[in-house]
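Structure at a glance
Residue-level listing of the chains:
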Amino acid sequence: MDRRRGETRQVRLRVNGQDHVLTVGGPAADVAVTHTLAHTLRETLGLTGTKVSCDRGACGSCTVLVGGEAKLSCSMLTVECDGLDITTVEGLADPVTGALDPLQQSFIDHTAFQCGYCTPGILMSAKALLLKNPRPTQADVQEALSGNFCRCITHYHVLEAVQAAVEAGAASATAPDSRRARR
Amino acid sequence: MRSFTHVTAGSLAEACALLSEAGGKGRANAGGTDLLGVLKDGIHAQGPELIVDLKAVSGLAEVSREGDEVRIGALATLASLDRSTLLRETLPLLVQAAHAVGTPQVRTMGTVGGNLCQEVRCWYYRYPRHVGGPVGCLRKGDGPCLAVKGDNRYHGVFGGRGCFAVCPSDLAVALTALGAVVDIAGPDGSRREVAVEDLYEPTTLTLAPGELLAEVRVPVPARPTRQTFLKFTVREPVDFAVVSVAASLDRDGPGCRDARIVLGGVSPRPHRALQAEEVLRGGDVDDQTAARAGEAAVAGAKPMRHNAYKIGIARTLVERAVRACLDA
Ligand SMILES: Cc1cc2nc3c(=O)[nH]c(=O)nc-3n(C[C@@H](O)[C@@H](O)[C@H](O)COP(=O)(O)OP(=O)(O)OC[C@H]3O[C@@H](n4cnc5c(N)ncnc54)[C@H](O)[C@@H]3O)c2cc1C
Ligand code: SF4
Ligand code: FES
Ligand code: FES
């Protein structure tokens, strides 16, 4: 790939386990040099689950996982994403069975959304936390979700939903003693 | 967003050379948490013609100890400072300041270099192009400062000259209290070192086109010091400091050998409260001394029409920070 001033270059993205090769610049461009990752996910790849609200890095609704970490897709240039492994809210469900991620199911069970615009971002921040720390405390959850805003004030339901998913995961996945050893 | 040429730099030297060639019409992009907003809002009359991505430059994200210094690469993320056990043990002030920045996502993406070099948040300066901007002002070299006659509730009360926008970086405040220096790489392979607070001139950063921060070097105190960072914001989290304070006290029983008190949110640069340090240095320190330090810290403040309230906040924060250092 031409890293230098090349008019045309290619960006390889893995999104929800699927590989994409996008051309930046030139007559057959998929992506412009000014496009953000959020824009590319939504407009080029059709993954409209990722939402754009403030588009300035402040609200967290565009949060996706990049290499397992919660990042703001509105504040990343797609040309700078070559080689990244990205998970969006569409990638949370089991690709084979279609079963929802336990976090998603818990959000449904606890009605942890109202308009739902912030929800994909919150789910991805919560997922990033659980990947790093499967047994977070309430304070850990609050801290991890502190960059996600909800205009509809669903925060309390969200905390319950995440906590319930943590407890359900703990009950099903681990015996009580190994559970203590984890954290 | 206006279009630009985009280059992924393979080394810091390459980035410096490209930006030097672009002569002020280029910008480095590190975490992008500040730059993307600047580009989207089109706040400058001319957009950058060249963006140089620094993220592929290797070896610039480390936090390590060498002798009596901690070295922090310019590409180290704020989250990595927040997590660092080395920093927690040697320079807790820096961990507190890094944690006080923005949101978890901003800390995961944002870098130390970008934090120190981010553009000011003055609302005239940031006025978006798509709603009638950009607005010219003294800092942009285009007309007078609009905050002087306008709404200056978030502007400075110390040391403004021409421009009264405050330094938005939380790290700069903590690093100044710790006596840190930045190592600046130039286009010809040169290196120069400046104290963190000297990065900030009233109307600009002291970086020439083609100069980039390579690393920050922080002396580890010879004796463990008491360190506290406090930040007053309108809403918490995600907000820039209305006022912040970084305090570091070298305690000696009830006494205090030395002290550094630095205020943020009040001046174009991190503001050393020298008179407060004077109050604390030498003698015994208790709650009364903390209160006197708070008074001394705001002596000589020159509020603008809408920001005198910052003086009271600064006084209280300094007092609280010193007391926290006593309790610690
Ligand atoms: C919602 C939100 C809340 C925020 N809250 C805070 C806060 O509370 N406290 C705070 O301090 N900051 C805050 N910020 C600012 C945030 O952008 C910085 O904290 C962040 O660290 C910037 O790092 P970056 O790598 O993303 O910078 P970038 O956006 O990549 O760069 C910022 C600027 O620095 C320049 N630059 C980058 N690296 C270098 C280098 N090595 N040498 C020279 N110049 C360089 C760039 O050219 C650009 O002009 C906030 C930002 C957002 C979006
Ligand atoms: S305070 Fe500085 S940035 Fe704001 S309008 Fe005045 S000159 Fe411009
Ligand atoms: S849309 Fe990205 S943070 Fe708000
Ligand atoms: S559910 Fe409406 S913004 Fe959160």
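See the structure shown above.
One structure accompanies this document, and this report is about it. A quick note: this is a predicted structure, and the numbers were derived from the prediction, not measured.

Observations concerning the sheet that holds strand β3 (residues 50-53) of chain B
Residue and element names in this part refer to chain B. Across the sheet, three strands lie side by side as β1-β3-β2; this open sheet has parallel pairing. Whereas interior strands pair on both sides, the edge strands pair on one side only; in this sheet they are β1 (5-8) and β2 (26-29). Across the sheet, the mean angle from the axis of one strand to that of its neighbour is 20°, orientation sign disregarded. The strands that helix α1 (residues 12-22) touches are β1, β2 and β3; relative to β3, the one it contacts most, it runs at about 170°.

Topic: empty space enclosed by the protein
Empty space among the atoms can be located by rolling a probe the size of a water molecule over them. Residue and element names in this part refer to chain B. Overall, the coordinates contain two cavities of 30 Å³ or more when judged by the stated rule. In this structure, the largest cavity occupies an estimated 90 Å³ of space. Surrounding the largest cavity, 13 residues form its lining, Arg 2, Val 38, Leu 39, Gly 47 and Pro 48 being those nearest its centre. Per-element tally for the lining of the largest cavity: the top contributor is helix α2 (residues 35-41), with three residues. For the lining of the largest cavity, the per-class residue count stands at seven nonpolar, four polar and two charged. Estimates place the volume of the second largest cavity at around 80 Å³. In terms of lining, the second largest cavity is formed by 13 residues, of which the most central are Cys 122, Cys 137, Arg 139, Cys 145 and Cys 163. Tallied by class, the residues present in the lining of the second largest cavity amount to 11 nonpolar, one polar and one charged.

Points about the packing of helix α5 (residues 92-99) of chain B against helix α8 (residues 170-177) of chain B
Residues and elements named next belong to chain B. Running from N to C, α5 and α8 point in directions that differ by 170°, and their axes come no closer than 8 Å. Looking at the two axes, α5 sits roughly antiparallel to α8. Packed against α5, whose contacting residues are Leu 93, Leu 94, Ala 97 and Ala 98, the element α8 presents Asp 170, Leu 171, Ala 174, Leu 175 and Ala 177 at the interface. In terms of residue class, the contact of α5 with α8 is built from eight nonpolar, no polar and one charged.

Remarks on the site of ligand 1
By nearness alone, 36 residues border ligand 1, and Ala28(B), Gly31(B), Thr33(B), Leu35(B) and Thr111(B) come closest of all. Near ligand 1, the surrounding residues belong to chains A and B. Contacts to ligand 1 include Gly31(B), whose backbone N or O atom sits 2.7 Å from an oxygen atom. The side chain of Thr111(B) places a nitrogen or oxygen atom 2.7 Å from an oxygen atom of ligand 1. For ligand 1, the accessible surface in isolation is 970 Å², of which the surrounding protein chains cover 97%. Among the elements of the structure, β2, α7 (112-117) and β8 (212-219) of chain B are those that each provide at least two residues to the shell around ligand 1.

A word on the pairing of β8(B)
Residue and element names in this part refer to chain B. Of all eight residues in β8, seven are buried, a share of seventy percent or more. Here strand β5 (residues 69-73) runs beside β8; their pairing, made up of five bridges, is antiparallel. Bridge pairing in β8 links Glu 69 to Pro 219. Bridge analysis of strand β6 (residues 181-185) against β8 gives five bridges, and the strand direction is antiparallel. Paired with Asp 183 across the bridge in β8 is Glu 215.

A few points about the nonpolar core
Residues Ile72(B), Leu94(B), Leu116(B) and Leu171(B) are the most contacted members of the largest nonpolar core, which totals 67 residues. Aside from chain neighbours lying at most four places away, what touches Leu94(B) is Ile72(B), Leu81(B), Leu87(B), Leu171(B), Ala174(B), Leu175(B), Leu178(B) and Val218(B).

A word on the environment of Val66(A)
Residues and elements named next belong to chain A. Along the chain, the position of Val 66 falls in strand β3 (residues 63-66). Take Val 66: its relative accessible area is 7%, and that puts it in the buried class. Through-space distance from the C-alpha of Val 66 to that of Thr 87 is 6.6 Å; in sequence the pair is 21 residues apart.

Rules of the game
- Residues numbered from 1 in each chain as written.
- Chains lettered and ligands numbered in written order.
- Predicted model: local features only at pLDDT ≥ 70, side-chain atom pairs only at ≥ 80, totals over all residues.
- Heavy atoms only, no water.
- Pairing = 2+ DSSP bridges.
- Helix = DSSP H or I, 4+ residues; strand = E, 2+ residues; numbered from the N terminus.
- Axes fitted to C-alpha atoms, helices over the stretch in contact; angles between N-to-C directions.
- Contact = heavy atoms within 4.5 Å.
- 1 Å grid on protein atoms, 1.4 Å probe; cavity = no way out; pocket = protein on both sides within 12 Å on 5 of 7 lines; lining within 4 Å.
- Points joined across faces, edges and corners; volume = space filled by probe spheres on them.
- Nonpolar A, V, L, I, M, F, W, Y, C, P; charged D, E, K, R; others polar.
- Parallel < 35°, antiparallel > 145°, perpendicular 65-115°, else oblique.
- Near = heavy atom within 4 Å.
- Polar contact = N/O pair within 3.5 Å; in protein donor to acceptor, adjacent residues only side chain to side chain.
- Areas by Shrake-Rupley, 256 points an atom, 1.4 Å probe, with all protein chains shown as cover.
- Buried < 20%, exposed > 50% of the residue type's maximum accessible area, 1.4 Å probe, protein only.
- Core = buried A, V, L, I, M, F, W, Y, C linked by side-chain atoms within 4.5 Å.

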